[in-house]
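Take a look at the letters that make up each chain.
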2 protein chains.
Amino acid sequence: MVESSKLADEKRLLDAPVDALTRLFYILGSPIAHVRAPVVWSTLMRRYGVNALMLPAEVSASNFDTVMKGLKLTENVDGAIFTMPHKVAAMNHADVLTERAQRVGSLNLLRRRADGAWEGDNVDGAGFLAGLRADGVSPDGANVYLHGCGGVGGCIGWTLAMEKIASLTVNDVDEHRARDLARSIAAVSNARVTTGSPSMGEIDIAINASPVGLNADDPLPFSVEALPPHATVADVIMEPSMTALLGSAHRRGLHVHHGRNMMNHAMPIAAAFFGLPASFDWNGEAL
Amino acid sequence: MVESSKLADEKRLLDAPVDALTRLFYILGSPIAHVRAPVVWSTLMRRYGVNALMLPAEVSASNFDTVMKGLKLTENVDGAIFTMPHKVAAMNHADVLTERAQRVGSLNLLRRRADGAWEGDNVDGAGFLAGLRADGVSPDGANVYLHGCGGVGGCIGWTLAMEKIASLTVNDVDEHRARDLARSIAAVSNARVTTGSPSMGEIDIAINASPVGLNADDPLPFSVEALPPHATVADVIMEPSMTALLGSAHRRGLHVHHGRNMMNHAMPIAAAFFGLPASFDWNGEAL
């Protein structure tokens, strides 16, 4: 107790970003140099008086398991966020999975529980759904088109399929991946689930969850021309904010839903999972 | 480049303690909750504009090797400091050793070199020596008594024995440890090296490098009564600053040399080893 209060005094005196009692969280990925999580999370932790940091960890796929073993054995490490290419490999490091993580088959979060077990979750889909609703778009009764069935796309597909949507059409350059996702979702969802290119005139919500659009000279992931005037076009790409897809939807007067919504709305969900103040909310900040 | 400068802007805006480009250093120990290194180093890094943090890592002896493997495979980890109980085990994780680390047989520093090799060093002794000299105490021609031949004691013994001292007497509750240290030092030093309790009337510098004095009800590690009036009594214990040993020396009017000197003077040496600004110097700060 004496030591701790001394440290607290030193920390206040120096405004040090870390002391001997700081709890550590990591975002693991490769490349990691572009991620916003360390700045965003560490700023919020400081703002909420939580003595913890979100640290970047540049880790290749081949070293991921070794690094994870070490982090889990470091007693002041409390959790991790996973980004490319670690979301599926992270499954091997969880002792317990949330139901949605189990369905999706990939993790973006891992936390040390009070009982010492490591619990995995995937809140990409929950963040996307919360973002949609906050943007005034309800999936209830909607016909949804999902383009891209990788980690993020699968998670969004699963999440929407558990809501009261009318139908879900999934599509991917890898037809097998689209068919696998559709088959497993169809087994538990009340929605009509199909694969391939839908009749776009009947789609209410069209989502790009593929990486197409990250590069300036990418083609459009799909055409928005046949969508009905009330349709929403969503993109999970955060940078650029106005992708070519969203630009073409905007020019047609369709409602556009930006990629940052997903991360902004996943933050408080992830914070609650980590046992941090659930009011962690990055939405509406100046960034 | 665009991404990096964006991140820099966000960081300035938010005064975030970390971003995606932050380089990581660790101090590994158990228990770790009392160490000052995270506050001290991280404050200096911030002050010198170095985008790096010194993080605490609470790691047990049995998990040390696994954690080290993971840290070395995390590409933005640049170095580590070792404290109890890891200083000897750390030797296994160095590809290259400085000459002094090789002699001493334990490490307190490990750094990732530009060529990718991990280099180990031990600057406890160099820090102690620099502190002594800064305090106006020259080891040249001195008869030195060293009480405690563990990690820190061994490093101090080796360092002083490479200077122009006249004699070194080493002592330890574990006689074998004292004899082993004396034998290996005697093989390369020009000083007269012996073990056991010396004739204290001939000692110029008496050093406690044992943990005796950490607890309030510890006995004195040795008696200062027979020391000559010009003698210096040094303690490596940092907390309490005025140990019972130093208190008894002070009452006799002897020159006392506090434990913090070693760490304060080891800092710029360690910073240079890590490739950080060599002016890192904690001496004279308000702490």
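Remember, it's a predicted structure, so these values are computed and weren't measured experimentally. (Residues numbered from 1 in each chain as written. Chains lettered and ligands numbered in written order. Predicted model: local features only at pLDDT ≥ 70, side-chain atom pairs only at ≥ 80, totals over all residues. Heavy atoms only, no water.)

This part covers the overall build of chain A. Looking only at helices and strands, one finds nine helices and 12 strands in chain A. Computed over the C-alpha atoms, the radius of gyration of chain A is 20 Å, within 12% of the 19 Å expected from 2.2 N^0.38 for a compact globule of 287 residues. Projected onto the principal axes, the alpha-carbon positions of chain A cover approximately 70 × 35 × 35 Å. Relative to its 287 residues, chain A shows a buried fraction of 55%. Across chain A, contacts joining residues at least 24 apart in sequence account for 66% of those joining residues at least 6 apart. (Helix = DSSP H or I, 4+ residues; strand = E, 2+ residues; numbered from the N terminus. Rg over C-alpha atoms; globule rule 2.2 N^0.38 Å. Buried < 20%, exposed > 50% of the residue type's maximum accessible area, 1.4 Å probe, protein only. Contact = heavy atoms within 4.5 Å.)

Residues and elements named next belong to chain A. Here helix 5 (residues 124-134) crosses helix 9 (residues 260-273) at 110°, and the two axes come no closer than 7 Å. With respect to helix 9, the element helix 5 is oriented roughly perpendicular. For the element pair helix 5 and helix 9, the recorded crossing hand is right-handed. Note on element contacts: helix 9 touches helix 5 through N261, M262, H265, A266 and I269, opposite D124, A126, G127, F128, A130, G131 and A134. Partitioning the contact of helix 5 with helix 9 into residue classes produces seven nonpolar, four polar and one charged. (Axes fitted to C-alpha atoms, helices over the stretch in contact; angles between N-to-C directions. Parallel < 35°, antiparallel > 145°, perpendicular 65-115°, else oblique. Left-handed = near helix turned anticlockwise from the far one by under 90°. Nonpolar A, V, L, I, M, F, W, Y, C, P; charged D, E, K, R; others polar.)

This part takes up the state of the cysteines. Residue and element names in this part refer to chain A. If you walk through the whole model with that rule in mind, you get zero disulfides over all chains. Unpaired in terms of disulfides, C149 finds its nearest cysteine sulfur in C155, a separation of 13 Å. Take C149: its relative accessible area is 6%, and that puts it in the buried class. (Disulfide = S-S within 2.5 Å.)

All names here are of chain B. In total, this model carries one cavity of 30 Å³ or more according to the counting rule given. Here the largest cavity is characterised by a volume of approximately 30 Å³. Around the largest cavity sit M68, L71, K72, V77, G79, A80, L110 and W118, which together line it. Put simply, the parts of the chain that give the lining of the largest cavity at least two residues each are helix 3 (64-72) and strand 3 (77-82). Of the residues in the lining of the largest cavity, the class split is six nonpolar, one polar and one charged. (1 Å grid on protein atoms, 1.4 Å probe; cavity = no way out; pocket = protein on both sides within 12 Å on 5 of 7 lines; lining within 4 Å. Points joined across faces, edges and corners; volume = space filled by probe spheres on them.)

Looking now at the sheet that holds strand 12 (residues 255-257) of chain B. All names here are of chain B. Taken in spatial order, the six strands of this open sheet run 9-8-7-10-11-12, and their pairing is parallel. Because the sheet does not close on itself, it has two edges, and the strands there are strand 9 (192-195) and strand 12. With strand direction ignored, the average angle separating the axes of adjacent strands in the sheet is 15°. Inspection of the sheet shows strand 8 (residues 167-171) paired to strand 9 by four bridges, in the parallel sense. Residue pairing in the sheet places S167 in a bridge with R192 of strand 9. This element, helix 5 (residues 124-134), spans strand 10 (205-208), strand 11 (232-235) and strand 12 of the sheet and lies at about 145° to strand 12. Helix 7 (residues 175-186) rests against strand 8 and strand 9 of the sheet, and its axis sits at about 170° to strand 9. (Pairing = 2+ DSSP bridges.)

A word on the interface of chain B and chain A. Facing 47 residues of chain B, the contacting portion of chain A comprises 47 residues. The junction of chain B with chain A conceals about 3900 Å² of combined surface from both sides, 66% of it contributed by carbon and sulfur atoms. The interface formed by chain B and chain A includes zero salt bridges. Across the contact surface, chain B and chain A share seven residue pairs in polar contact (both at pLDDT 80 or more). The set of elements that each furnish at least two residues to the side of chain B that touches chain A consists of helix 1 (2-14), strand 1 (23-29), helix 2 (37-47), strand 2 (52-58) and helix 3 of chain B. By residue class, the composition of the side of chain B that touches chain A is 25 nonpolar, 10 polar and 12 charged. (Buried area = accessible area lost by both parts, 1.4 Å probe. Salt bridge = Lys/Arg side-chain N within 4 Å of Asp/Glu carboxyl O. Polar contact = N/O pair within 3.5 Å; in protein donor to acceptor, adjacent residues only side chain to side chain.)

Here we come to the relation of the copies chain B and chain A. The operation relating chain B to chain A is a screw motion whose rotation component is 180°, with 0.0 Å of axial translation and a residual RMSD of 0.0 Å. Overall, the copies show the geometry of a two-fold rotation axis. Taken together, the interface assignments show that 100% of the residues at the interface of chain B recur at the interface of chain A, consistent with an identical surface on both copies. (Least-squares fit on C-alpha atoms with pLDDT ≥ 70 in both.)

Moving on: the domain arrangement of chain A. Residue and element names in this part refer to chain A. Structurally, chain A comprises domain 1 (2-122) and domain 2 (125-261). Computed from C-alpha atoms alone, the centre-to-centre distance between domain 1 and domain 2 is 30 Å. With seven residues of domain 1 at the interface, the matching set in domain 2 holds seven residues. Taken together, both faces of the contact between domain 1 and domain 2 bury some 640 Å²; the carbon and sulfur share is 63%. (Domains from an automatic or database assignment.)

A separate point is the nonpolar core. Y26 and L28 of chain A together with Y26 and L28 of chain B are the most contacted members of the largest nonpolar core, which has 42 residues in total. Contributions of two or more residues to this core are made by strand 1 (23-29), strand 2 (52-58), helix 3 (64-72) and strand 3 (77-82) of chain A together with strand 1, strand 2, helix 3 and strand 3 of chain B. For L28 of chain B, the contacting residues outside a window of four places in its chain are A57, V59, F64, V67, M68, L71, A80, I81, F82, T83 and H86 of chain B. (Core = buried A, V, L, I, M, F, W, Y, C linked by side-chain atoms within 4.5 Å.)

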